[in-house]
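Notes for the structure review
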Number of protein chains: 2
Amino acid sequence: MTTGAPREDRYPSRIGGHPKILPRMEPVVHAPARTNPPIDAGAIARYERDGFLVLESLLQPHEVEALVAAARDLLRAPDRLETETLIRERESQEVRSIFKIHAQSKIFAALAADPRIADIARFILDDDVYIHQSRLNYKPGFRGKEFYWHSDFETWHVEDGMPAMRALSASILLTDNSALNGPLLLVPGSHRHFVSCVGETPDDHYKHSLRRQDYGVPDDQSLEHLVAAGGIVAGAGKAGTVVLFDCNTMHGSNGNITPEPRSNAFFVYNAVSNRLEAPFGPPTPRPEFIAARKDVEPLERRARRAA
Amino acid sequence: MTTGAPREDRYPSRIGGHPKILPRMEPVVHAPARTNPPIDAGAIARYERDGFLVLESLLQPHEVEALVAAARDLLRAPDRLETETLIRERESQEVRSIFKIHAQSKIFAALAADPRIADIARFILDDDVYIHQSRLNYKPGFRGKEFYWHSDFETWHVEDGMPAMRALSASILLTDNSALNGPLLLVPGSHRHFVSCVGETPDDHYKHSLRRQDYGVPDDQSLEHLVAAGGIVAGAGKAGTVVLFDCNTMHGSNGNITPEPRSNAFFVYNAVSNRLEAPFGPPTPRPEFIAARKDVEPLERRARRAA
């Protein structure tokens, strides 16, 4: 901040004893009306209304195969990865996520920049984009743990200093996903409401929250309210399906006792005009591999440089 | 046992270090062919093939309402119930199950004896039946825990001394159940295979196993095998739906982060000819409220006496 005036916080959270639902201040689709969208206008309208969009089988089977093989290779040679980017299950020590895959793997860098996904992100956010966070998620069969409801934006705002709702996520399914093996669950329409959470954020919260969320957890009543209004939809589909969702869409997933593991690649696209500031919560920002602060080169330029 | 000869154990389990899949020794439908079934013969054939049957909306809405009200009343006055029949969640201490409801509530006694359910049990088991176990299950919203895969018969045989596969369960849904709020998951065809589990059974195992299963847990490979052959089906439906399943059908449920709680009444019908003997595992049988040993009066006679 260059002035001495206190910074405005449009979305205060984790500052008091009472949860609150605040209205969204930014548009969902930032592109001006009548701009030609890169996909069917009806799909963009559904994204605007629901806060997400399921693009079935966007990737071809041979593309999925190559990504699955690359994901397996990353798991097989963990020594080649930056240690802190490997997140393990608390009990079994199995790898649950690998962060920063767009910077540690060529094929996942190409996937992040793939125009079939990135063009939609640029259109919806009406700006150049960079990768705020990327990761590979492995949810094992039999003993896959649940991930409780949350808005990503709540965390990115409080812990990372993302100023506004001008970011979106793409989850690229690398395994077939049904309603029964712990798919992504989304609450349609929830992206229009910011659930301000109770409690404060402890130091180094991120070390635990990547495995289990204890802070920034929405209260039962707000969740009931959002679900009563919008219901719950599973972002499921065949491998190669891409689920795009707004940074503030309430989502989570149940555990998975089925033998079918679930894995996906996950990219967060942020508008370059929405770069991180100082966190709105605790003063120390989370590390670069979780929330890009330096490496914010627009994806198109980055891809040209790599080519 | 009246003779000195060692008793035959058709389904040995928890006795060695290696899991095994053994064939089922008894029929699934015990009624002789060409007997007139109390429901559509096609439904009986599906039960025989899959090991379960979903009877959608078998109960009328007003019947469900009365049962839900009765279930709520039981929860509100826990002092009137036998203390040991109340099972609470380990962390929250919320009531997870109430056992022996057919003996502690008139309306649930009537439900257990309802000919729409009990007649099917008598037909399939080709015998008079009594209630081996009954309970009300409350799976809360938001933080409902999973219940791992198991065959009920494995436990009833090893811990309770149920000699043969001549019992079935009825789960009566008291809330709407979807694929997303932790429904009963069943593996079609698994009832034909007995998964002999590794490990032994500690004393007083039941005190913990009602909340979490640590023994009598099928191994990953056997589960993969069964699921590869039969898949997984959710026993979901509107409130009032009844799911009937064979005592040896592999089943479980995922956790439930949705706001929708899930509750059901559960009755196990055992053929009077299949009454409990000494357990095939540890010598001390589980208590009467979990596994009826004395109170084995056939349901029809019991109902006449109560009328």
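Note: the structure precedes this text.
Read on for a plain summary of the structure. (Residues numbered from 1 in each chain as written. Chains lettered and ligands numbered in written order. Predicted model: local features only at pLDDT ≥ 70, side-chain atom pairs only at ≥ 80, totals over all residues. Heavy atoms only, no water.)

**Some thoughts on the overall build of chain A**
Here is the rule we go by: Strands here are runs of E lasting at least two residues and helices are runs of H or I lasting at least four, both read from the DSSP assignment and numbered beginning at the N terminus. Radius of gyration: C-alpha atoms only; globule rule: 2.2 Å multiplied by the number of residues to the exponent 0.38. Throughout this description, buried means an accessible area under 20% of the type-specific maximum (1.4 Å probe, protein chains only), exposed means over 50%, and partly exposed covers the range between. Residue contacts follow a heavy-atom distance rule, with two residues in contact if any of their heavy atoms lie within 4.5 Å.
Scanning chain A from terminus to terminus reveals 9 helices and 13 strands. Here the C-alpha radius of gyration of chain A, 18 Å, is about what a compact globule of 307 residues would show, namely 19 Å. Each principal axis of the C-alpha distribution contributes one length, and for chain A these read about 50 × 45 × 40 Å. For chain A, the residues scored as buried account for 56% of the 307 residues in total. Across chain A, the fraction of contacts at a sequence separation of at least 24, relative to all contacts at a separation of at least 6, is 85%.

**Some words on the sheet that holds strand β3 (residues 86-88) of chain B**
Residues and elements named next belong to chain B. Condition: Only strands that DSSP links by at least two bridges are regarded as paired with each other. In this analysis, axes come from line fits to C-alpha atoms, helices being fitted only over the stretch in contact, and the angle between any two N-to-C directions falls in the range 0 to 180 degrees.
With antiparallel pairing, the 7 strands of this open sheet are ordered in space as β2-β11-β7-β13-β5-β4-β3. If you trace the sheet from one side to the other, it starts and ends with β2 (52-55) and β3, each paired once. In this sheet, adjacent strand axes meet at a mean angle of 15° when their direction is disregarded. Relative to strand β13 (residues 262-271), strand β5 (residues 129-139) runs antiparallel, the two sharing 10 bridges. Note that in β13 the partner of Tyr138 across the bridge is Ser263. Across the sheet, helix α6 (residues 152-160) is in contact with β5, β7 (167-173), β11 (242-246) and β13; its angle to β5 comes to roughly 120°.

**Some remarks on the pairing of strand β5 (residues 129-139) of chain A**
Two faces belong to every sheet, and in a regular strand the side chains alternate between them. Residue and element names in this part refer to chain A. Of all 11 residues that make up β5, 11 are buried, and the element is covered over most of its length. Both strand β4 (residues 95-99) and β5 contribute to a ladder of 3 bridges, which runs antiparallel. Paired with Ile98 across the two strands is Leu136, which belongs to β5.

**Considerations on the relation of the copies chain A and chain B**
Both copies of the chain are tied together by a single rotation about an axis and a shift running along it. Basically, it comes down to this: For this overlay, a least-squares fit was computed on C-alpha atoms, restricted to residues scoring pLDDT of at least 70 in both copies.
Superposing chain A onto chain B requires a rotation of 180° together with a translation of 0.0 Å along the rotation axis, leaving an RMSD of 0.0 Å. Interpreted geometrically, this transformation is the action of a two-fold axis. Most of the interface of chain A is mirrored in chain B, where 100% of its interface residues again form contacts.

**Section: the packing of helix α2 (residues 61-76) of chain B against helix α4 (residues 106-113) of chain B**
Residue and element names in this part refer to chain B. For the record, the criterion: Should an angle lie under 35 degrees it is considered roughly parallel, over 145 roughly antiparallel, and from 65 to 115 roughly perpendicular; all remaining angles are considered oblique. The sense of a crossing depends on the near helix, which, turned anticlockwise from the far helix by less than a right angle, makes the crossing left-handed and, turned clockwise, makes it right-handed.
For the pair α2 and α4, interaxial distance at closest approach is 9 Å and the crossing angle is 135°. Classified by the interaxial angle, the pair formed by α2 and α4 is oblique. Considering the relative orientation of α2 and α4, their crossing is left-handed. Contacts between α2 and α4 pair Ala66, Leu67, Ala70, Ala71 and Leu74 from the former with Ile107, Phe108 and Leu111 from the latter.

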